[in-house]
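In case you want the letters, here they are:
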Amino acid sequence: MKPQIAELLAAAVAQLKQDNVLPAEFEANIQVENTRDKSHGDLATNLAMTLAKVAGKNPRQLAQMIIDALPASELVEKVEIAGPGFINFFLSQASTNSLLKAILEAGETYGRNNSGAGKKVQVEFVSANPTGPLHIGHGRGAAVGDCICRLLEANGWDVTREFYYNDAGQQINNLALSVQARCKGLTPDHESWPADGYRGDYIIDLANSYMNGDTVVSEDQSYTGAKDADDLEAIRHFAVAYLRREQDLDLKAFGVNFDVYFLESSLYTEGKVEDVVQRLINSGYTYEDGGALWLKTTEFGDDKDRVMRKSEGGYTYFVPDVAYHLNKWQRGFERVVNEQGADHHSTITRVRAGLQALNVGIPQGWPDYVLHQMVTVMRGGEEVKISKRAGSYVTLRDLIDEVGRDATRYFLAARKADGQLTFDIDLAREQSSDNPVYYIQYAHARVCSIFRKLEESGLSWTLESGLAVLDKLELESEKDLIVRLGRFPEVVKSAGSSNEPHMVANYLKDLAAEFHTYYNSEKTLVEDADVRNARLTLAEAVRQVIYNGLHLLGVSAPTEM
RNA sequence: GCGCCCGUAGCUCAAUCGGAUAGAGCAUCGGCCUUCUAAGCCGAGGGUUGCAGGUUCAAGCCCUGCCGGGUGCGCCA
């Protein structure tokens, strides 16, 4: 409804320009907002207040002139001036009726739009290195990242989900050494245990599997254990494949799938690192000092220049990062979203600086970053410290098993990413019945239950019969519910453009609350067939929107609970 | 020391490019099941939005300075 109201206002502004109330050259910024308070109508604009200065009138006086200049419309019941000069619009039943019709005709596509126009977007998330099981922090990344993907798809983008991992660095060597130590029967307290070795029990399982000669198959590779405790290279390959499989299983259980697995090692084997170094040298932003090769990142906002090639000859980690992002750009992703933990923050400036230095037309703020803050885990009233090396864990698998997939996804995605998150496992488990996700799902199940009851009574409802009697929705609560349903598309759009899936969760909670209230105050299956059919139509629209919204969060919409 | 994130009810969190009386859930207290699922609803209490200034018709939101919590700052990845 917002665009229609904005059109009316634009017409009024044009009229006032013609009447010389407003200067002809002036470009008015028309904003139509949802109201928080019902007494302020359904939609409101601050137009009179923003134009008051230019017009040389007080805002309320100007508001009246704008109202007088508004073209007639059957969408609007009445218009009022309120407070310092807000213009409040009360929508007519004709407008809510047509809204309801539009929702039901759109069905599962209601809320979607084509603002992405089919353009390619890549979302990189999780990107855990294969050195251990996924923990709750990865879970947050997985939930937020996947929801961002779903939102982008709903906004008409062509989404590629990508998982990037380092399969060749120092951490992997430590992993291989740790597994090798276990293969030889060593324990972490032994004096020849590797210095930075991984101590978790999963290393034992891994070592046993390798010595058994198991074959592990993950999404992007497979490898058979060589049973040889002295073959470090074979152990390394096996360990990576084994942990990748474990991570894939966890992610699958979480409802998260990837289109592309990108190996950091491929940047080296395919010459992409060398290529990007050469490009940077050619661009003139590099220099040598102390035997190392430096990049002048300070020219692009960094606080000091960064080493690209160490004096001993190896590259620092940010060079493959730049190479990887150049590759993303070359693959034609106009938009890229990197969902990572906030501890990766320092790479943002460096990667962007490197991309700018390449001088290949990459926009300055490219790519987008969504950084989620740490998750603190509480169990038994105490904080659980997560340490890979010490083997202290709250794995994503633990959470899915204990709390459930729907609740875990909801909890991790329903909050803004840029705040720390406290996840109290006992609370999530013990109070599972008070969990907000059930509250939303319950609203969905209730509508389904109404329709089952209808069928049991030998009655029926069709969309046609319902749409024919929408005028029977005379209650204020019914109108409010419809107005809220009408806001769903803008939530999808706004959440999609700002990469903030939590907005969808909040919207659904509010919608569910409004429906529960309505459900308790008005019976749907009443004697009067017209009223009944009209209310069933409304209930079905509510169900559809909750279904669509839950789908965006990757949470199921049960038909009974 | 420098950079970034956060600070909102006892707790966990919202607040849609700066809008009107800052909202939910949990917890506490009091009501509602012979009526479509009580995993629900209705009501009550609970706030100087960390502090102090500034910008404007309007600030939880923007600017400056403090305070507090977190995190990152290597020729490690």
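Up top you'll find the structure we're talking about.
Description of the structure in this document. If you're wondering where the values come from, they're calculated on a predicted model, not measured in any experiment.

## Describing the overall build of chain A
Alright, step 1. Within chain A, the regular secondary structure consists of 21 helices and 17 strands.
Alright, step 2. Seen through its principal axes, chain A has C-alpha atoms that stretch 85 × 65 × 40 Å.
Alright, step 3. By residue count, 52% of the 561 residues in chain A fall in the buried class.
Alright, step 4. For chain A, long-range pairs separated by at least 24 residues make up 72% of all intrachain contacts whose partners lie at least 6 apart in sequence.
Alright, step 5. Working note: accessible area of chain A is about 25,000 Å², and carbon and sulfur atoms make up 46% of it.
Alright, step 6. For chain A, the distance from the average site of its 58 positive side-chain charges to the average site of its 80 negative ones is 2 Å.

## Observations concerning the protein's contact with RNA strand B
Alright, step 1. In the neighbourhood of RNA strand B, 62 residues make up the surrounding shell, with R415, Y439, Y442, S449 and Y519 lying closest.
Alright, step 2. In the interface set of RNA strand B, defined as its atoms within 4 Å of the protein, sugar plus phosphate atoms amount to 62%.
Alright, step 3. Within the side chain of N46, an N or O atom sits 3.0 Å from a base nitrogen of RNA strand B.
Alright, step 4. Measuring from a phosphate oxygen of RNA strand B, one finds a backbone N or O atom of K416 at 2.8 Å.

## Some remarks on the nonpolar core
Alright, step 1. Counting residues in hydrophobic clusters, the biggest one holds 92 residues, and the most contacted among them are V126, F423, L485 and L538.
Alright, step 2. Looking at this core, the element that brings in the most residues is helix α21 (residues 529-553), giving 11 residues.
Alright, step 3. Listed in part, the 28 residues of the second largest apolar core include L267, L295, F318 and A323.

## Focus: the environment of N208
Alright, step 1. Tracing the chain through its elements places N208 in helix α7 (residues 202-212).
Alright, step 2. On the accessibility criterion, N208 (43% relative accessible area) is partly exposed.
Alright, step 3. Sequence-wise, N208 and L263 are 55 residues apart; in three dimensions their C-alpha atoms are separated by 26 Å.

## Re the sheet that holds strand β17 (residues 421-424)
Strand pairing within a sheet occurs via backbone hydrogen bonds; the two strands may be parallel or antiparallel.
Alright, step 1. Pairing is mixed across the open sheet formed by three strands, whose spatial order is β16-β15-β17. Edge positions in the sheet fall to β16 (382-384) and β17, since each has one partner strand and no second. Between one strand axis and the next, the sheet turns by 40° as a mean value, whatever way the strands run.
Alright, step 2. As defined by bridge partners, strand β15 (residues 375-379) adjoins β16 across three bridges and the pair is classed as antiparallel. From the neighbouring strand, V377 faces β16, where its bridge partner is V384.
Alright, step 3. Across the face of the sheet, helix α5 (residues 136-154) comes into contact with β15 and β17 while running at roughly 125° to β15.

## Some remarks on the packing of helix α14 (residues 405-413) against helix α16 (residues 436-456)
Alright, step 1. It is at 9 Å that the axes of α14 and α16 come closest, and there the two elements cross at 115°. Our classification of the angle between α14 and α16 gives roughly perpendicular. Considering how the two elements wind past one another, α14 and α16 form a crossing that is right-handed. Contacts between α14 and α16 involve D406, A407 and Y410 from the former and P436, V437, I440 and Q441 from the latter.
Alright, step 2. Looking at the contact of α14 with α16, its residues break down into five nonpolar, one polar and one charged.

## Digging into the pattern of salt bridges
Alright, step 1. Considering all chains together, one arrives at 30 salt bridges under this definition.
Alright, step 2. A salt bridge links K184 to D230; the shortest N-O distance between them is 3.2 Å. Here D230 lies in the loop between β8 (222-224) and α8 (232-253) and K184 lies in the loop between α6 (170-183) and α7, a separation of 46 residues in the sequence.
Alright, step 3. E522 is the partner of R535 in a salt bridge, and the nearest nitrogen-oxygen pair spans 4.0 Å. A residue pair is termed long-range when its members are at least 10 positions apart, and R535 in helix α21 and E522 in the loop between α20 (502-521) and α21 qualify at 13 residues.
Alright, step 4. With a relative accessible area of 23%, E522 lands in the partly exposed category.
Alright, step 5. Several salt bridges converge on common partners, so that one network encompasses D146, R150, E153, R161 and R409.

Rules and cut-offs
Residue indices begin from 1 for each chain and proceed along its sequence in written order. Following the order in which they are written, the chains are lettered starting with A and the ligands numbered starting with 1. Two thresholds apply to this predicted model, a pLDDT of at least 70 for residue-level local features and 80 or more for giving and counting side-chain atom pairs, whereas whole-chain, interface and lining totals are computed over all residues. Based on all heavy atoms of the structure, the side-chain values leave hydrogens and waters out of the count. Only DSSP runs of H or I with at least four residues qualify as helices, and only runs of E with at least two residues qualify as strands; both kinds are numbered from the N terminus onward. Only protein chains enter the accessibility calculation, which uses a 1.4 Å probe; a residue whose area is less than 20% of its type maximum is buried, one above 50% is exposed, and one in between is partly exposed. Two residues form a contact once any of their heavy atoms are found within 4.5 Å. Shrake-Rupley sampling with a 1.4 Å probe provides the accessible areas, and residues are treated as covered by the protein chains on show and by no other component. Charge assignment in this entry is limited to Lys and Arg as positive and Asp and Glu as negative, and neither His nor the chain termini are counted. Just so you know, the charge point we use is NZ for Lys, CZ for Arg, CG for Asp and CD for Glu. Here a residue is near a molecule or strand as soon as one of its heavy atoms is found within 4 Å of it. Pairing of N or O atoms within 3.5 Å defines a polar contact, subject to two protein rules: one partner must be a possible hydrogen donor and the other a possible acceptor, and residues neighboring in sequence count only if both atoms are side-chain atoms. Only buried residues count toward a nonpolar core, which is a set of Ala, Val, Leu, Ile, Met, Phe, Trp, Tyr and Cys residues joined through side-chain atoms within 4.5 Å. At least two DSSP bridges between two strands are required for those strands to pair. To obtain an axis, a line is fitted to C-alpha atoms, over the contacting stretch when the element is a helix, and the angle between two such axes runs from 0 to 180 degrees between their N-to-C directions. Our angle categories are set so that under 35 degrees counts as roughly parallel, over 145 as roughly antiparallel, 65 to 115 as roughly perpendicular, and the remainder as oblique. The hand of a helix crossing depends on one turn: near helix anticlockwise from the far one by less than a right angle means left-handed, and clockwise means right-handed. The classification used treats Ala, Val, Leu, Ile, Met, Phe, Trp, Tyr, Cys and Pro as nonpolar, Asp, Glu, Lys and Arg as charged, and all other residues, Gly among them, as polar. Criterion for a salt bridge: a side-chain nitrogen of Lys or Arg within 4 Å of a carboxyl oxygen of Asp or Glu.

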